[in-house]
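Structural overview for review
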Amino acid sequence: MDGTGTSLLRRAALNNAAWCDAVCRAHGLAPRYDGERLWSSARRTPPMYPDAVTLEPAVPARSVVRGVDTASAGCSVKDSFADLDLAGDGFEVLFEAQWIHRPAAAPLPEAEAEAAGLEWSEVAGAGELAAWEAAFGGGEGAEGDGLFRPALLGEGVVFLAGRAGGRIVAGAVASTGGGVVGVSNLFGAAWAGVLGAVRARWPELDVVGYEHGEDLEAAVRSGFTPIGPLRVWLFAQ
């Protein structure tokens, strides 16, 4: 891979690690960076969030494993360059995906039919955040389960909500870090509205993320380009 491609992948990985770091710190954890090559948490992270993220290629497996808590169920590693072999350390591949990239100046896509006409805004306050999380989780229950804490509502992170009749039916998280904007936790066929909101707030920044399967196909239709593979490993022993 050429230097430009590697740089894009590193920025995407750095951005994702910054988001994971923010989520963990909102839960009272104290993750750390090992220089510019690895982010990790010695204590188990919240559900759906990795215990380590590699930030450059060829990070030694032993450096990754020794910094995480494999004694607790659910320990996982985001192998950002799909070049780790953690099978001998008791991990198995949970899923594979592609990092995606969209230039800041790329034309905005048209809204999917089911998302046309939604009103988009940024979530403000704990009450709206709980409603957003409930919608993200499929609308079960009156409130979210507390994965996303109010401490996350800050200058570098926005929760975007697409509303129909005042009810949140689509959304995503947009977060800065690594010189790009990362989009994650997308739901409700929301790419057009999310990208419009991201451009309004950070018009100069490229957009990155990662997807797989049908979600990757939807991202490509919205102007993203796959730029490299990643794997998520789950401790299985």
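Here goes a summary of the coordinates provided. (Residues numbered from 1 in each chain as written. Predicted model: local features only at pLDDT ≥ 70, side-chain atom pairs only at ≥ 80, totals over all residues. Heavy atoms only, no water.)

**With respect to empty space enclosed by the protein**
Applying the stated criterion across every chain, the model contains one cavity of 30 Å³ or more. Approximately 70 Å³ is the volume found for the largest cavity. Around the largest cavity sit R102, P103, A104, L108, L195, V198, R199, W202, P203, L205 and V207, which together line it. Looking at which element gives the most residues to the lining of the largest cavity, the answer is helix α4 (residues 191–201), with three residues. (1 Å grid on protein atoms, 1.4 Å probe; cavity = no way out; pocket = protein on both sides within 12 Å on 5 of 7 lines; lining within 4 Å. Points joined across faces, edges and corners; volume = space filled by probe spheres on them. Helix = DSSP H or I, 4+ residues; strand = E, 2+ residues; numbered from the N terminus.)

**Some thoughts on the environment of A131**
When you line up the elements, A131 lands in helix α3 (residues 125–136). Each C-alpha atom of the pair A131 and V64 lies 36 Å from the other, and the pair is 67 residues apart in sequence.

**Quick notes on the pairing of strand β5 (residues 91–102)**
On any regular strand, side chains alternate: one points to one face of the sheet, the next to the other face. Pairing between β5 and strand β11 (residues 225–235): ten bridges, direction antiparallel. When the bridges of β11 are listed, A97 appears paired with L230. Where β5 and strand β10 (residues 207–211) come together, five bridges link them in antiparallel fashion. The partner of R102 across the bridge, within β10, is V207. (Pairing = 2+ DSSP bridges.)

**Quick word on the sheet that holds β11**
Sheets are built from strands that pair by backbone hydrogen bonding, the pairs being arranged parallel or antiparallel. Pairing within the open sheet is mixed, and its eleven strands lie in the order β1-β2-β3-β4-β11-β5-β10-β9-β8-β7-β6. Of all the strands in the sheet, just β1 (32–34) and β6 (119–122) have a single pairing partner and so form its edges. Neighbouring strand axes in the sheet, compared pairwise and without regard to direction, differ in orientation by 25° on average. Direction of pairing for strand β2 (residues 38–40) relative to strand β3 (residues 52–54): antiparallel, over a ladder of three bridges. For W39, the partnering residue across the bridge sits in β3 and is V53. Where α3 meets the sheet, it contacts β6, β7 (157–164), β8 (167–177) and β9 (180–187), and its direction lies at approximately 105° from that of β8. Sheet strands in contact with α4 are β5, β6, β7, β8, β9 and β10, and its direction is about 150° off that of β9. (Axes fitted to C-alpha atoms, helices over the stretch in contact; angles between N-to-C directions. Contact = heavy atoms within 4.5 Å.)

**Concerning the side chain of H101**
Inspection of the secondary structure assignment puts H101 in strand β5. Here D206 takes part through its side chain, which lies 2.7 Å from a polar atom of the side chain of H101. When sequence neighbours within four positions are dropped, the list of residues in contact with H101 reads L8, D206, V207, V208, G223, F224, T225 and I227. (Polar contact = N/O pair within 3.5 Å; in protein donor to acceptor, adjacent residues only side chain to side chain.)

**Remarks on the side chain of D79**
Position of D79 among the secondary structure elements: in strand β4 (residues 76–79). A distance of 3.0 Å separates the side chain of D79 from the backbone nitrogen of L84, its partner in a polar contact.

**Topic: α3**
With twelve residues, α3 should reach 16 Å at 1.5 Å per residue; the first-to-last C-alpha distance of 16 Å fits that figure. Every buried residue belonging to α3 is among L129, W132, E133, A134 and A135, and all of these are buried. Looking at the packing, one finds that the buried side of α3 touches β7, β8 and β9. (Expected span 1.5 Å × (residues − 1). Buried < 20%, exposed > 50% of the residue type's maximum accessible area, 1.4 Å probe, protein only.)

**Remarks on the state of the cysteines**
Under the definition given, this model contains zero disulfides. Cysteine C20 shares no disulfide, and the gap to the nearest cysteine sulfur, in C24, comes to 6.6 Å. The cysteine C75 is free of any disulfide, with C24 supplying the nearest cysteine sulfur at 12 Å. Take C75: its relative accessible area is 0%, and that puts it in the buried class. (Disulfide = S-S within 2.5 Å.)

**Some points on the pairing of β7**
Burial analysis of β7 places seven of its eight residues in the buried class, the great majority of the element. Where β6 lies against β7, four bridges are found, and the strand directions are antiparallel. Its bridge partner being in β7, E122 is matched across the sheet by L160. Examined bridge by bridge, β7 and β8 share eight bridges and lie antiparallel to one another. Residue F159 lies in a different strand from β8, and its bridge partner there is V173. Between β7 and β8, which pair antiparallel one after the other, the connecting turn spans two residues, and G165 there sits at a positive phi close to 60°.

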